[in-house]
2 protein chains.
Amino acid sequence: MKRIKVSNNVIRRLPRYLRRLDELAAQGISRISSSELGQQLGLTPSQIRQDFSCFGEFGQQGYGYNVTALREEIARILGMDRGYSAVLIGVGNIGRALMDNFCFSAWGCKLLCAFDVDSGIIGKKLNGIPVRSMDELSAFLKSNTVDLAVLAVPNDSAKKVTAILTENGIEAIWNFTNVDIAAPESPLIVENLHFSDSLLSLTYYISDKKDEEAARNARLERQKSSAKN
Amino acid sequence: MKRIKVSNNVIRRLPRYLRRLDELAAQGISRISSSELGQQLGLTPSQIRQDFSCFGEFGQQGYGYNVTALREEIARILGMDRGYSAVLIGVGNIGRALMDNFCFSAWGCKLLCAFDVDSGIIGKKLNGIPVRSMDELSAFLKSNTVDLAVLAVPNDSAKKVTAILTENGIEAIWNFTNVDIAAPESPLIVENLHFSDSLLSLTYYISDKKDEEAARNARLERQKSSAKN
């Protein structure tokens, strides 16, 4: 299948569209206009039409989008129909949270097994997923098709484990550590979930809002005092 | 302090600059040129100069950036010097991971306490942080200054808990649920960590790479066979 190059920002919006379309389908809504969808997502209708036009035409003038058809198309674009297989490295709190609560299959991925160094859980199954020893990782990767690895190890072992993964043919890593595991020029596909980066963006926006409020209040004070005089 | 409006993309890059500058400082490097820094981060020197110019001039022609001074400035811009206070709602695996492993104070935030419904942990301290009953949440928010709430509850209670938070004056939420908790027009500041959105971006890029490889191989096959004839 020939694919079209799509901008990062569009790709980042696709999962949001998908979640919204799932919610609409759950509500029994079978079609939606670009303006309605835009309103629900805080996007302009033209932005939505533009985003979807990257992948061909779904909407019909005056009809809007077929919720199920659009959802299926977006899922296909995101690779959800490809049955990717994954391994999880590091069964700490984050790893455990993913094994217990994150439904990989709902997003088209199969979590084959997890790896850890803790003899207390090696050999056990957590939520049906076997936990193996890190010593078995290389052999497992050599003898199984694994499309992506979930990296949930402590920061100080992130780069060491990344080396083992790439040496054994892993080309994509979902990185939950706070470490930049790949050089910019590396062919490795890395999707980072840097918690601290996310928190700092939040504190930036809080600071921005507080400063705006402070500036507004200062203006009001000046106006009051000048009105008095 | 008057602040400058900065684009989202710049704000998203600031925490990466911060982490890199911390690494450089740890290596004893006291200054760096925009081209060196760009190379390390996969950005062009002009993009880096442009990013920093939003906040005034740090670099010196031919000297580069003072690592410590630039780091301090970025930390200030991100609000790390403001001592924000936070509460954590939901002490499941994710909540626990944040309490055990995420150093809020390193990013300028103080985690005051956590709230949960599990009587087995209510009243206990985890990593020094007290866990209180959800029943106490409203009262606590009324009698304490809380700048942000970390939402790590199950998806199905995300909106209910968000309502309690906003009704009690919370204006910013760090959202670990997979639910869109605020309408686009809401004044609530929300920073989402939607795990599934992140995974789907990764599977998109994997699919894109696999399709490119398949297309390249198909071309080579055609060339071979046409060479034979």
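About the thresholds
Residues numbered from 1 in each chain as written. Chains lettered and ligands numbered in written order. Predicted model: local features only at pLDDT ≥ 70, side-chain atom pairs only at ≥ 80, totals over all residues. Heavy atoms only, no water. Helix = DSSP H or I, 4+ residues; strand = E, 2+ residues; numbered from the N terminus. Buried < 20%, exposed > 50% of the residue type's maximum accessible area, 1.4 Å probe, protein only. Polar contact = N/O pair within 3.5 Å; in protein donor to acceptor, adjacent residues only side chain to side chain. Contact = heavy atoms within 4.5 Å. Least-squares fit on C-alpha atoms with pLDDT ≥ 70 in both. pLDDT = per-residue confidence, 0-100.

(A) Quick peek at unusual backbone geometry. Residue and element names in this part refer to chain A. The residue Asn127 is not glycine, and still its phi comes out positive at about 50 degrees. By the secondary structure assignment, Asn127 is in the loop between strand 5 (125–126) and strand 6 (129–133). Take Asn127: its relative accessible area is 53%, and that puts it in the exposed class.

(B) Here's a closer look at the side chain of Arg13 of chain B. All names here are of chain B. You can see Arg13 is positioned in helix 1 (residues 8–26). Of note is the side chain of Arg13, whose polar atom sits 2.6 Å from the side chain of Asp51. Each residue touching Arg13, except ones within four places of it in the same chain, is listed here: Leu43, Gln47 and Asp51.

(C) View of the relation of the copies chain A and chain B. Of the two same-sequence chains, chain A is brought onto chain B (RMSD 0.0 Å, axial shift 0.0 Å) by a rotation of 180 degrees. Both copies of the chain, as the preceding transformation shows, are related through a two-fold rotation axis. Distance from the rotation axis, computed per C-alpha, reaches its smallest value in chain A at Asn93 of chain A: 2.7 Å. Take the interface residues of chain A: 100% of them recur as interface residues in chain B, which is what a same-surface contact looks like.

(D) Fine view of the confidence of the model for chain A. In the predicted model, chain A carries a mean pLDDT of 91, and 96% of its residues have values of at least 70. Prediction confidence for the complex, expressed as pTM and ipTM, is 0.86 and 0.89 respectively.

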